Each structure stands twice: as C-alpha cells, then as structure tokens.
There are 2 protein chains.
Amino acid sequence: MSHTSIFENRRERFYDWMAREGISLVMFEDTEGRRDPALRWFSGQPADALLFLSVDRRALLIPWDINLAKQYAQADALIPYSEFDRQANTALQGAAAKLKIPLGSKIEIPALTAYPAFLRYVGDMMDFDIICRDQGAGAAVEKLRAVKDDEEIKLLRTAAAITNDLIDLVEQKVRSGKIKTEFDAARLLETEARKRGCEGMGFETLAAGPDRSFSIHAFPAYTRAEFGGPGLSILDFGVKYQGYTTDVTLTFVREPVRAQEKMLILTEKAYTLALDLAKPGAEAREIAAVVDLFFTLSKKHMPHGLGHGIGLEAHEAPAIRNRKDNHWILEPGMVFTLEPGLYDPVHGGCRLENDILITAEGTEVLTKGRIIRL
Amino acid sequence: MSHTSIFENRRERFYDWMAREGISLVMFEDTEGRRDPALRWFSGQPADALLFLSVDRRALLIPWDINLAKQYAQADALIPYSEFDRQANTALQGAAAKLKIPLGSKIEIPALTAYPAFLRYVGDMMDFDIICRDQGAGAAVEKLRAVKDDEEIKLLRTAAAITNDLIDLVEQKVRSGKIKTEFDAARLLETEARKRGCEGMGFETLAAGPDRSFSIHAFPAYTRAEFGGPGLSILDFGVKYQGYTTDVTLTFVREPVRAQEKMLILTEKAYTLALDLAKPGAEAREIAAVVDLFFTLSKKHMPHGLGHGIGLEAHEAPAIRNRKDNHWILEPGMVFTLEPGLYDPVHGGCRLENDILITAEGTEVLTKGRIIRL
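Residues numbered from 1 in each chain as written. Chains lettered and ligands numbered in written order. Predicted model: local features only at pLDDT ≥ 70, side-chain atom pairs only at ≥ 80, totals over all residues. Heavy atoms only, no water.

Undergrad: Just to check I follow, could you spell out helix 9 (residues 258-277) of chain A for this structure?
TA: Residues separated by three or four positions in an α-helix point in the same direction, a consequence of the helix having 3.6 residues per turn. Residues and elements named next belong to chain A. In a regular helix each residue adds 1.5 Å, so 20 residues correspond to 28 Å; helix 9 covers 29 Å between its end C-alpha atoms and thus fits that length. For helix 9, the full list of buried residues reads Gln-260, Met-263, Leu-264, Leu-266, Thr-267, Ala-270, Tyr-271, Ala-274 and Leu-275. An end-on view of helix 9 places all buried positions within 165° of arc, on one side of the element. Along helix 9, exposed side chains directed more than 90 degrees from the buried face belong to Arg-258, Lys-269 and Asp-276. (Helix = DSSP H or I, 4+ residues; strand = E, 2+ residues; numbered from the N terminus. Expected span 1.5 Å × (residues − 1). Buried < 20%, exposed > 50% of the residue type's maximum accessible area, 1.4 Å probe, protein only. Arc of directions from axis to C-beta.)

Rendered as structure tokens:
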C-alpha cells in the first residue's frame, strides 16, 4: 500500500466524521510548545505546519518549511506559511477562502486553542461559526488514532524488535561492566538505535542509578553518576522508528536489601495482574483501579498512572489510569504501556514497563522490558 | 547569594505586580505538552508541577513528584499533586482554600488555558473572578524573564564558554576527518557537553549534511549521512547548563559553487548588519525588518525570524522578528540569538547564529558561531 493511499484512507474516515457532524472545515496545528501528531498521521508532514481538511474532501497543508513539506508531505495543496505572515489567524482566513468554505459554515479549531486566542479567531471570522470543544474533531482523531491500522502495527513491531535488541545489549553491557554510568547506558541506546535505522529516541532517555532512582522521572535525565551499582537503577527509554515510539522501563538490581526486594516483588505482581486483566472489552480505568488497590492493600502507593497509549506520541490514547474522566475501553489494535512502579526516598525506585498490543484473543506483549538481577 | 533568596527576590517583584493589578492568586502550570519555565524561575522546580503565588506573598508548589520537589524546589509549602487527584481544577480549588483566598477575589490562570478548560474553571469556581488573558500574569513574567538577572547572566556565560569549547572541538574533528557523519557531530556534542557538567542539550541537535541542509530544521534531526562533504553542512546546537541554554549554528563549507558562495556572503553580511543595529533602545522588529529588506534587495528570502531570546527556554522573549505584533525594545540584560540564513532545494542551506547580550554600551557576543571553510 502506498503512503499516499494510507494518508488518504485516514482522511476519508475523518471526512465521514465531518459530514456526520456538519463541520465544513477543521484546522490542525503543530507548533513549538503544542505538537499535534494528527498532521503526520493525516499527511506525513513531520512537524511545524497547519493542516486544513474540508468536508468536500480536500487537504490543504500550510508548512513553515516548504522544502521539507515537499519532501515528506502528501496533501491536495501546499502553501508556505510565510504567505500568511506566519500567523495562524491569517492562515485560517486564507484557507477558508482558498477552499471556498461557504459563509456561515462551521469551522472547528483545535480544542487546545487558548481562551484569548479563541476570542481573536471568533472576532476575525464573524462570518463563520467558529467551534472549539473537547469532544470534537481532536477527540475524534484521538479515537481513530487509538486503534492502530495495519501499517502502524507493522511499524510498532519493527520499533519493538529494535527495542528488544537494545534491551539485550544493554543488559549484556551492564553485566560485563562496559556500562558503568547513567551516561554510558543512555549513549549506548542513542547510538545503537540510530545504527538500526531509528529517527532517534521517542523521548529523552531516563537513566537513574541507585542514588537518583527515587524520582519517577529522574532530573536531569541522565548524568555521569554510577548505574547498576548496589540498589535499584532505572532505565526508561523508547526508540522512534518512522515516527512510532516504543516505551519500556528496565530496573537493574544489585544486592537488594529486604525493603527493595519487597518493592520489586510487588511491582512484578502488579504488572502480571494488569496484564491478566487487559483484554478486548476491558475498562482501562478498572485495570488501573485494581492495581492501585493492590498497592494500597500492600501499604504502598504508586504515584503515577498505570500506563498510556503509544504511537506517534510517547503518551497518547488510550489512557490507562484510575481517574474518573477515563472512559477508554480496550479494543483490538490498541497499543499501550503497562508500567507499575514504586519509589522511596531512601531505597530508590523500581518500575517495570512493557508495550502491549490488544488482539482479538487478548494481548500480545511486544517488548521484553524486565527486572534484571545483577 | 543563596538560591532561596534568588527565588524569593524574583517572587517579590512579581508580588508587587500582583498587588498593583489587584490579583489575589496566580496559577502557573508546567505539564507535558505545555511547559512553563516560570516554575523553575520562581522556585527551582524543574518540571511537572503547579505553582500558586498569592498576593499576601506566599508560594505553594503542587508537584507531580514530591521526592524530586523536596530536592530541588523552594516554596513556602509543598503538597503532592496526587492529593488533588492530579487534576488542575481540583488543585486550584485546593490552593484557593489552603491560601485562604477571599471569595470574590481575582484569580489568574495561564493565558494558554484552552477555551473548553477555561469554561470548566469558571464553572467550578463561581465564587471567584477567574481571569485568563494574554497581557496578564504570563506576559508580566515573560517581561521580567526577558531581562536576565546577575545569576542568570553568570549561568549563560558559563554555558557560552562550554559552547565555545565545543565549537572549537567540533571544527577540529571535522577538519581532521574524525567527524564524518551527522551522527558523529551530534554525538560528540552530547558527550562533551555532559562531560563539562551540562544537564544535556538545550534542544535536539540539528546536524544536516549537504544533502539535507536545504531545510530550516532538518528532519530527522540527524542521521548517518555524510557531514562536511562538498557543499553546505549545518550544525545547530545549544548546551543546557543549570537550566540555561545557548543556541548557535555553524555552517561548514567545502568546495562551494558560485551560488553557495553568494548565499554565504549574504548571510554573513546580514549577520553583521543585524549586530550593528542591536543596542539598548533599538526596536527588535526594526532590526529584523532591515535584514528582511537586505535579503529582498539581494533577491533572496529568509523563511524564518531573525532571532529569539534564550534562557530557561531555547525560544523565549524577546522575539527578534519582523511581525507587527512584535513590540520588544532591546535593553541591557537581554540575551538573544541573531541567526540569518538562506536555504535552497538544490544548493542546500547556510545559517550563522550567535548569542548576544545587550549591555549598557551596546552588545557582547557571547558565542563564537561561525562559517567554517574546510
């Protein structure tokens, strides 16, 4: 299947949604500080652009860098952002004119549009009905993107295979003493991921030796501190392959004290519990609630969510957390992490994270994240 | 000067602003997808938290990771985010209660609050006057942050010194043939920056050999393609030292053809022109307009802004671009980039970027970015 038809196929499904909703034009924006992978998903454009989809099934891309867009993007028309003074308001007006959107039509702008900016859009486009809402176009795309298509699952499988290679490699080099510091671990991953054809990492690698593993996300992400020494060391990373990211966490353990052993056992049990509960039709919130309860009964507390979808973003739908606004139901094609963890200011932290694909039958664990006893 | 007093001093200046504006409580939020370095600037907290400042001069920090906050942050009170179900609305209500904000008071939330979220804040807090505006608290902090204090200038000088070391090192290794690929260049910088005590890079290093330098920001950021071969290669990087980032661009040139020579000469002239115009009292927009005009008269077009402030963010105030909403006037203590560049689908791209400090006398060029002829 060519890339053109993949993108067109995705847009077709969205145009159907637009027709049902009576929306004439939808604007997507990917800009510094507010990324929206919908652009890459719909058109192949990696970043820094506006995308306009009209209900009569045309896609207009307005990129910041026209040379880059010509190389990567597929749309019915391309216009450089500089023609609109690099202002989103001006571009929206230009797109409505170019696509001949009838006056009075509904135009939907991103749900994350800031309140003051929303007022400006409305003021500038009094002849249209400007819509900005949580359960609108953005949510519809999020829902489409939450269930991966065949092309996406293929890419995620490739990313997972590379990830699994790197897990084995990093384990071997920690065991052999070649990796001594957080920096050594992070650099090995960066180097080897790119050698294997990755665009880069899915997010900044977090490598935290025993002195720093107490925090959920180590800050700074990695340093020249010891990694893999006595106690608990955490390595949280993902590779990005043609836009798709994995996300795994390994915990390395050396000479654990009793309190650390207990944390490890509980984390592994929580992981198995979560994996057993994950299947088509399961409520994501319910799985996370069971794990939270399991930790509470063990007199522990997990200070973060149980997991999250992965794909073009390191964190996307479906959410796997115990929050009352979480209504996701698992279905085949969803890919997400399960990552229970416990953290202690004295004993350090441990986390076990893998990437799970929901299949018709149940689950397939794509990655081989694990607790590694040295 | 202790860190506590630096943060307190910054907060004091802001409390004065709040008192003048009649705002009782201001909320700042740093979260994935919407970072706000105001948190680090006011409290030392590196990321993932809410910060509440009340007009009676109290600072309440609500971090996602309480262990991390205890290590880094300075505030009058800390409460874990999990106590508020990790929901910003709930945390705002909790903060107003904890800080005993009188009913009917003005509470300002971030200017980037999405329109649907704004409606929820208003609905949840009918007893208060919820304010969300562009020219409010966020803009006031941006203005304070645009003029660096002594501590910040010290950190930026250290970051610039490390950057200059790395520029020399990378030049030497490209000349000696040790750096052959984009990946080699990027990895050297990552490795050496961390060796010199940096937290990491200020942004993902962009290394683009002759085949990829045509785009403003190469995608992917770097690959295993040749770097420094015949034509134009671009290396755009910054180091992050105790939160503060530099931002420089080098262009490496080998065996340029006539069209490439012309691009280089124009870029260097534009840079010198911009630097000559930069001084206290100059209008940032005017400088950018002169450079745009210079390129236009040379029958070229620069497809991006001339520069931007740097500090806790790689892009912050003041903007140095030719857009009618740009009203920044340069003043001593401002630190920003000047980065003219030209890009051609056939001949590749060139850019020259350095970091400039405005002083009472004029300018000080902190970094040694340059065009390097091989």
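Undergrad: Which parts of the structure should I look at to understand the relation of the copies chain A and chain B?
TA: Here the second copy of the chain follows from the first by a rotation about an axis and a shift along it. When chain A is fitted to chain B, the best match, at an RMSD of 0.0 Å, comes from turning it 180° and sliding it 0.0 Å along the axis. Expressed as a symmetry operation, the mapping of one chain copy onto the other fits a two-fold axis. (Least-squares fit on C-alpha atoms with pLDDT ≥ 70 in both.)

Undergrad: Looking at this structure, how should I read the domain arrangement of chain A?
TA: Interface size is commonly expressed as the accessible surface area that is lost when the partners come together. All names here are of chain A. Its domain assignment divides chain A into domain 1 (3-145) and domain 2 (147-373). On a C-alpha basis, the centres of domain 1 and domain 2 stand 34 Å from each other. The interface of domain 1 with domain 2 comprises 10 residues on the first partner and 14 residues on the second. Summing the contributions of domain 1 and of domain 2, the shared interface buries around 1000 Å²; its carbon and sulfur component is 44%. Linking domain 1 with domain 2 are 4 salt bridges. Between Arg-40 and Glu-199 there is a salt bridge, with the nearest N and O atoms lying 2.7 Å from each other. Those elements that place two or more of their residues in the side of domain 1 that touches domain 2 are helix 1 (3-21), helix 2 (38-43) and helix 6 (137-146). When residues of the side of domain 1 that touches domain 2 are assigned to their parent elements, the largest contribution, 4 residues, is made by helix 6. Looking at the side of domain 1 that touches domain 2, its residues break down into 4 nonpolar, 1 polar and 5 charged. (Domains from an automatic or database assignment. Contact = heavy atoms within 4.5 Å. Buried area = accessible area lost by both parts, 1.4 Å probe. Salt bridge = Lys/Arg side-chain N within 4 Å of Asp/Glu carboxyl O. Nonpolar A, V, L, I, M, F, W, Y, C, P; charged D, E, K, R; others polar.)

Undergrad: What's the story with the sheet that holds strand 10 (residues 239-241) of chain B in this structure? I'm lost.
TA: Strand pairs in the sheet, formed through backbone hydrogen bonds, run parallel or antiparallel to each other. Residue and element names in this part refer to chain B. Reading across from one edge, 7-10-11 is the order of the 3 strands in this open sheet, with antiparallel pairing throughout. For this open sheet the edge positions go to strand 7 (200-201) and strand 11 (244-245), each flanked by a neighbour on one side alone. The sheet contact formed by strand 10 and strand 11 spans 2 bridges and is antiparallel. What sits directly across from Lys-240, in strand 11, is Thr-245. (Pairing = 2+ DSSP bridges.)

Undergrad: What's the story with the interface of chain A and chain B in this structure? I'm lost.
TA: Contacts between the two partners involve 52 residues from chain A and, on the opposite side, 52 residues from chain B. Looking at the side of chain A facing chain B, the largest losses of area belong to Tyr115(A), Arg194(A) and Phe219(A), adding up to 15% of the total buried there. Scanning the region where chain A abuts chain B turns up 6 salt bridges. A salt bridge links Glu204(B) to Arg194(A); its shortest N-O distance comes to 3.2 Å. The interface formed by chain A and chain B includes 24 residue pairs in polar contact (both at pLDDT 80 or more). If you list the elements that add at least two residues to the side of chain A that touches chain B, you get helix 3 (66-72), helix 5 (115-124) and helix 8 (182-195) of chain A. If one sorts the elements of the side of chain A that touches chain B by residue count, helix 8 of chain A sits on top with 6 residues. (Polar contact = N/O pair within 3.5 Å; in protein donor to acceptor, adjacent residues only side chain to side chain.)

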